[in-house]
Amino acid sequence: MINAHSAAAVRAAEEPLLAAGRPLMATAAFALATRVTAALRREGYRVSGSIVLLLVGGGNNGGDALHAGAHLARRGCLVHAALLGHAHPDGLATATATAAGVQVHDLTDDDDPAGAVLELAGWSGVWVDALVGIGARGALREPLAGVVEALAEERAENPGGAIVVAVDVPSGIGVDDGTLPGPVLPADVTVTMGAPKPGLLLPPAADLAGRVEVADVGLDALDDAVPAVCRLTGDDVAALWPVPGPGDHKYTRGVLGLVAGSQTYPGAAVLAAAGALRTGLGMVRYLGPEVPTALVHQRFPEVVAVPGRVQAWVLGPGVGPEPSVRSEEVGEALAAALAAHQPVVLDAGALALLGEAFTDLPATVVLTPHAGELATLLTARGEETSREDVEDAPARHARLAAEITGATVLLKGATTVVAAPDGPLYAQAEATGWLATAGAGDVLAGMVGALLAGYGDLLAGEVHGALPSDGAGLPARLAAAAALVHGRAARTAAGLTGEDAAGGAGAPVTAMDVAAAVPAALRALLG
């Protein structure tokens, strides 16, 4: 699991080490210099003779860069440092005292610092962004804002140009919430010290961090700290996924009740059933009108279309938000599920039930909105919110919705964010852009429901406070695991391989392609 810690937690872990005289800056600088040389080699460049531009602000980030510049100069790089703040004195002394020398350009009083930096950047092969660190809050102020904006525009116009390496975080991102309050210079590599910061995992800032590499500077205290944001890995999902043994049968593997689809949107029922069945549960019970029932049976004759025993429910895919007979059926199913303490996934039309009714939910209810649906839900609960608000700060709004409703919230997007009323956020970024296709959310709802059904009896215990302490936050972890497999399945269907979600273009996929690829994605994870 990848654990990200807040800026405050990182500083608290650093304090006793600094008090004990540990050379954290020297350690960080050596790691940074090593990562810069590795980035040059990955791109096929020689280290000796490469021109490196250090973008140096005040504070420790700038000090890290200046010390690293000394290492790079000794390795044969031609290093220039553009000072845009009061430079760290020890770092500056080290940089200027090296045998090879770092050429320093003090731009703190320059009339046109952006222009001066652009001139230096034009003939530099690497830009090291050390303008601000994890203590910065809000948008960058001038002159840094103008410098970053100019460099970002230059990079956009010449995407194959310089390699950008950010120190700790790309300057200007919301370190703890992943927001983009102002201009940010997108990085190819971010070398983060001690542990990832939340903004490196959370959207939209995570998209500008590039390849995140953690430099171990000895912050062992973070090993026992509760992270702010987590990202499940394939090994985490393999350990979590229910795998049947010789003594299992369809009821012990989990039975999912599905109230999805309508006469208007019958396909959603098929897609949700496909996601659930391919995930590996024991049975799907579908309850719906004639047309979607016929379609489900035509595609999946193993689906049972009569009421009976279930361990979890998926309610709402393919059901419109407006009042109708079908929405009434969804409401009745939700009330029954809550009375029986059964875990539930609420998707699409079922989310409309949460405006005035069903206002106090357990964390075993998982909401699966996209940004527009989450904005509608929050507005209905008295928090005036637009789709743009949610897209600008997904983590903040997912957490707010979880706190208001009591439920677990899975906010769909290029990076899926999962929030519970308490505990860490999860941020899963396995998807390919081809996954933004009609019906993909229905498949995901079925997958989440299948996992909840597999843990249904245990989750029912959580409602009564009987869940073991090591199972706290299980609904959020299961939702994040489903999001990871959903993204991997989309990549498999698109012809992409490996864990790098940004690698390769792939090919278009449909929602049913994604569902069909789930077993292959699981085979790779569980093998």
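Small disclaimer: the values here were computed from a predicted structure and weren't measured.

Undergrad: Just to check I follow, could you spell out the overall build of the chain for this structure?
TA: Along its length, the chain carries 17 helices and 17 strands. For 527 residues, the compact-globule estimate of 2.2 N^0.38 gives 24 Å, and the chain sits close to it at 25 Å. Its C-alpha atoms give the chain principal-axis dimensions of about 80 × 50 × 45 Å. Relative to its full complement of 527 residues, the chain shows a buried share of 55%. Of the contacts made within the chain by residues no fewer than 6 positions apart, 71% connect residues no fewer than 24 positions apart. Carbon and sulfur atoms make up 53% of the accessible area of the chain, which amounts to about 20,900 Å² in all. In the chain, which carries 30 positive and 56 negative side-chain charges, the distance between the mean positions of the two groups comes to 9 Å.

Undergrad: Can you walk me through the packing of helix 2 (residues 24-42) against helix 3 (residues 60-74) in this structure?
TA: Geometry of a packed helix pair, given as the angle between the helix axes and the separation of the axes. Close contact between helix 2 and helix 3 brings their axes to 8 Å; oriented N to C, the two are set at 60°. With respect to each other, helix 2 and helix 3 are oriented oblique. When the axes of helix 2 and helix 3 are compared, the crossing they make is right-handed. When helix 2 is examined against helix 3, the residues Met25, Ala28, Ala29, Phe30, Leu32, Ala33, Val36 and Thr37 are found in contact with a partner set consisting of Asn60, Gly63, Asp64, Ala65, His67, Ala68, His71 and Leu72. Its residues assigned to classes, the contact of helix 2 with helix 3 comprises 10 nonpolar, 5 polar and 1 charged.

Undergrad: Where do I start with the sheet that holds strand 13 (residues 344-346) in this structure?
TA: What holds strands together in a sheet is hydrogen bonding between their backbones, with the strands either parallel or antiparallel. Spatially, 10 strands are ordered 1-9-17-16-15-14-13-12-10-11 in an open sheet, and the strand pairing comes out mixed. Among the strands making up the open sheet, the edge pair consists of strand 1 (2-4) and strand 11 (283-286). Each adjacent strand pair in this sheet contributes to an overall mean axis angle of 20°, direction not counted. Strand contacts of helix 14 (residues 440-454): strand 10 (255-259), strand 12 (312-315), strand 13, strand 14 (365-367) and strand 15 (408-411), with the helix running at about 165° to strand 12, the strand carrying the most contacts.

Undergrad: What am I meant to see in the pairing of strand 11 here?
TA: Regular strands show a simple pattern: their side chains alternate between the two faces of the sheet. Neither face of strand 11 is left uncovered, since the one carrying Met283 and Arg285 and the one carrying Val284 and Tyr286 both have all their residues buried. The sheet contact formed by strand 10 and strand 11 spans 4 bridges and is parallel. By the bridge assignment for strand 11, Leu256 is matched with Val284. In terms of handedness, the path from strand 10 via helix 8 (residues 267-279) over to strand 11 forms a crossover that is right-handed.

Undergrad: When you look at the sheet that holds strand 8 (residues 211-215) in this model, what are you seeing that I'm missing?
TA: Taken together, 7 strands build an open sheet; the order of strands is 4-3-2-5-6-7-8 and the sheet is parallel. Two strands in the sheet have a free side with no partner beyond their single neighbour: strand 4 (103-106) and strand 8. Sheet twist, expressed as the mean angle between neighbouring strand axes with direction ignored, is 20°. In this structure, strand 2 (residues 51-56) lies alongside strand 3 (residues 78-83), joined through 6 bridges in parallel fashion. Bridge assignment links Val56 to a residue of strand 3, and that residue is Leu83. Here helix 5 (residues 113-122) sits on the sheet and contacts strand 2, strand 3, strand 4 and strand 5 (126-130); the angle it forms with strand 2, its principal contact strand, is near 155°.

Undergrad: Before we go on, may I ask you to explain the layout of surface pockets in this structure?
TA: One water molecule sets the probe size; rolling that probe over the atoms shows where empty space is left. Approximately 410 Å³ is the volume found for the second largest pocket. Elements represented by at least two residues in the lining of the second largest pocket include exactly helix 1 (7-19), helix 2 and helix 3. When its residues are assigned to classes, the lining of the second largest pocket shows 9 nonpolar, 6 polar and 5 charged.

Undergrad: Explain empty space enclosed by the protein here, please?
TA: For the structure shown, the criterion picks out 1 cavity of 30 Å³ or more. Considered as a void within the structure, the largest cavity measures approximately 60 Å³ in volume. Trp241, Pro242, Arg253, Thr279, Gly280, Leu281, Ala450, Leu451 and Gly454 together form the lining of the largest cavity. The element contributing the most residues to the lining of the largest cavity is helix 14, with 3 residues. Tallied by class, the residues present in the lining of the largest cavity amount to 5 nonpolar, 3 polar and 1 charged.

Undergrad: Help me understand the nonpolar core in this model?
TA: Residues Val237, Leu258, Val448, Leu452, Leu478 and Val485 are the most contacted members of the largest nonpolar core, which totals 66 residues. At the level of secondary structure, the elements contributing two or more residues to this core comprise helix 7 (234-240), strand 10, helix 8, strand 11, strand 12, helix 14, helix 16 (474-493) and helix 17 (511-526). Sort the elements by how many residues they give to this core and helix 16 lands first, with 11 residues. In this structure Leu258 touches Ala269, Ala272, Ala273, Val284, Arg285, Tyr286, Leu287, Trp313 and Val314, once residues within four positions along its chain are discounted.

Undergrad: I tried to follow unusual backbone geometry on my own but got confused; where do I start?
TA: As a rule of thumb, non-glycine residues mostly have phi less than zero, and peptide bonds are mostly trans rather than cis. Cis geometry is found at the peptide bond from Glu142 to Pro143, where omega equals 5°. One can find Pro143 in the loop between strand 5 and helix 6 (144-157). The phi angle at Asp168 is positive, at roughly 75°, despite the residue not being glycine. Here Asp168 shows up in the loop between strand 6 (163-167) and strand 7 (189-193).

Undergrad: Is there a simple way to explain a negative patch on the surface in this structure?
TA: Residues Asp106, Asp109, Asp110, Asp111 and Asp112 make up a contiguous surface patch of negative charge. The exposure class of Asp109 is exposed, given its relative accessible area of 70%.

Undergrad: Would you mind going over the pattern of salt bridges with me for this structure?
TA: Oppositely charged side chains can pair when the atoms bearing their charge come close. By the definition in use, this model includes 10 salt bridges. Among the salt bridges present, the one from Arg211 reaches Glu213, with a minimum N-O distance of 2.7 Å. Overall, Arg211 belongs to the partly exposed group, its relative accessible area being 46%. Ionic pairing is found between Arg326 and Glu329, a salt bridge with its closest N-O pair at 2.8 Å.

Undergrad: Explain helix 5 to me, please; I cannot follow it from the model alone.
TA: Residues separated by three or four positions in an α-helix point in the same direction, a consequence of the helix having 3.6 residues per turn. Among all positions in helix 5, only Pro113, Ala114, Ala116, Val117, Leu120 and Ala121 are buried. Buried positions in helix 5, seen along its axis, are confined to an arc of 160° and lie on one side of it. Across helix 5 from its buried face, at more than 90 degrees, point the exposed residues Glu119 and Gly122. Of the surrounding secondary structure, the elements contacted by the buried residues of helix 5 are strand 2, strand 3, strand 4, strand 5 and helix 6.

Rules used in this analysis
Residues numbered from 1 in each chain as written. Predicted model: local features only at pLDDT ≥ 70, side-chain atom pairs only at ≥ 80, totals over all residues. Heavy atoms only, no water. Helix = DSSP H or I, 4+ residues; strand = E, 2+ residues; numbered from the N terminus. Rg over C-alpha atoms; globule rule 2.2 N^0.38 Å. Buried < 20%, exposed > 50% of the residue type's maximum accessible area, 1.4 Å probe, protein only. Contact = heavy atoms within 4.5 Å. Areas by Shrake-Rupley, 256 points an atom, 1.4 Å probe, with all protein chains shown as cover. Lys, Arg positive; Asp, Glu negative; His and termini not counted. Charge placed at Lys NZ, Arg CZ, Asp CG, Glu CD. Axes fitted to C-alpha atoms, helices over the stretch in contact; angles between N-to-C directions. Parallel < 35°, antiparallel > 145°, perpendicular 65-115°, else oblique. Left-handed = near helix turned anticlockwise from the far one by under 90°. Nonpolar A, V, L, I, M, F, W, Y, C, P; charged D, E, K, R; others polar. Pairing = 2+ DSSP bridges. Right-handed = clockwise from strand over helix to strand, strands pointing away. 1 Å grid on protein atoms, 1.4 Å probe; cavity = no way out; pocket = protein on both sides within 12 Å on 5 of 7 lines; lining within 4 Å. Points joined across faces, edges and corners; volume = space filled by probe spheres on them. Core = buried A, V, L, I, M, F, W, Y, C linked by side-chain atoms within 4.5 Å. Patch = residues over 30% accessible without salt bridge, like charges linked within 9 Å, V, L, I, M, F, W, Y side chains within 5 Å. Salt bridge = Lys/Arg side-chain N within 4 Å of Asp/Glu carboxyl O. Arc of directions from axis to C-beta.

The values reported here are purely geometric and, on their own, carry no functional implication.
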